[in-house]
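These are the residues of each chain, in order.
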Amino acid sequence: MNDRLLPFVVYGSTPIMLVVGLVVMYLIIGDHEWFGYMAGGYVLLLAILFMVKVSIYRFLLSRRDAALARKASGASADAPSTEQGK
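For clarity, every value in this text was computed on a predicted model and none was experimentally measured. (Residues numbered from 1 in each chain as written. Predicted model: local features only at pLDDT ≥ 70, side-chain atom pairs only at ≥ 80, totals over all residues. Heavy atoms only, no water.)

**Here we look at the overall build of the chain**
Applicable threshold: Strands are runs of DSSP state E lasting at least 2 residues, helices are runs of H or I lasting at least 4, and numbering of each runs from the N terminus. When accessible area is computed with a 1.4 Å probe and restricted to protein chains, residues below 20% of their type maximum are described as buried, those above 50% as exposed, and intermediate ones as partly exposed. Contact definition: two residues touch when any of their heavy atoms are within 4.5 Å. Method for areas: the Shrake-Rupley scheme with a 1.4 Å probe, in which residue coverage is limited to the protein chains shown.
For the chain, the helix and strand inventory stands at two helices and zero strands. Here the chain holds 86 residues, and 15% of them are scored as buried. Nonlocal contacts in the chain, meaning residues at least 24 apart in sequence, comprise 61% of its contacts between residues at least 6 apart. Carbon together with sulfur atoms contributes 68% to the accessible area of the chain, which is approximately 7100 Å² in total.

Structure follows, in structure tokens:
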């Protein structure tokens, strides 16, 4: 998975799943007296899933940024200075 698709998977797919899931649930269940409870449980489940996905995504981004910073600082320390010959 590339870096352009990952933010969509994290931020965009959950609201789309929410709307599509509620429509499908309404089409299957219809105007049942328990529909509100089932829809509320589905929304709560997707909200929890969204929070977990966002926290994992932020954790992975912070690790990637830290690794890139270490790599950049290591590369700058290994690079020869051009002012040594002056």
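Anyway, onward from the coordinates.
**Some words on the side chain of Thr-14**
Threshold: Think of a polar contact as two N or O atoms within 3.5 Å of one another; within protein, one of them needs to be a possible hydrogen donor and the other a possible acceptor, and neighboring residues in sequence only count if both atoms come from side chains.
Within the secondary structure layout, Thr-14 lies in helix α1 (residues 5–29). Overall, the relative accessible area of 5% leaves Thr-14 in the buried class. Of note is the side chain of Thr-14, whose polar atom sits 2.7 Å from the side chain of Lys-53.

**Some thoughts on the pattern of salt bridges**
Opposite charge on two side chains lets them pair, provided their charged atoms get close. The following threshold applies: We define a salt bridge as a side-chain nitrogen of Lys or Arg found within 4 Å of a carboxyl oxygen belonging to Asp or Glu.
Scanning all chains against the criterion turns up one salt bridge. Here Arg-64 ties to Asp-65 by a salt bridge, and the two come within 3.8 Å at their closest N and O atoms. When its relative accessible area of 42% is taken as the criterion, Asp-65 is described as partly exposed.

**Let's talk about the packing of aromatic side chains**
Our working definition: Here is the rule: rings of Phe, Tyr and Trp (six-membered ring for Trp) pair when centre to centre is within 6.5 Å. Planes less than 30 degrees apart are stacked, more than 60 are edge-to-face, and the remainder are tilted.
What the rule picks out here adds up to three aromatic pairs. An angle of 70° between the planes, with centres 6.4 Å apart, marks the rings of Tyr-11 and Phe-50 as edge-to-face. Taken together, the residues Tyr-11 in helix α1 and Phe-50 in helix α2 (residues 35–78) connect sequence positions 39 residues apart. Consider the rings of Tyr-11 and Tyr-57, whose centres lie 5.8 Å apart with planes at 90°: the pair is edge-to-face. Pair noted here: Tyr-11 is in helix α1 and Tyr-57 is in helix α2, with a separation of 46 residues, a long-range link. Classification of Tyr-11 by relative accessible area gives partly exposed; the value is 35%. A relative accessible area of 13% means that Tyr-57 is categorised as buried. Of the aromatic side chains, those joined through ring pairs into one cluster are Tyr-11, Phe-50 and Tyr-57.

**With respect to α1**
Structurally, the α-helix is built with 3.6 residues per turn, so residues lying three or four positions apart point the same way. Selection rule: By this rule the span expected of a helix is its residue count minus one, scaled by 1.5 Å. Think of it this way: the bend at a residue is just the angle between two axes, each fitted to seven residues, one set ending at that residue and the other starting at it.
For α1, spanning 25 residues, the distance from its first C-alpha to its last is 33 Å, which sits close to the expected 36 Å at 1.5 Å a residue. In the structure, α1 departs most strongly from a straight axis at Gly-12, where the bend amounts to approximately 40° and where the proline Pro-15 lies between one and four residues downstream. Of the positions making up α1, those classed as buried are Val-10, Gly-12, Ser-13, Thr-14, Gly-21 and Met-25. Of the residues flanking the end of α1, it is Gly-30, one or two places downstream, whose phi is positive at about 80°.

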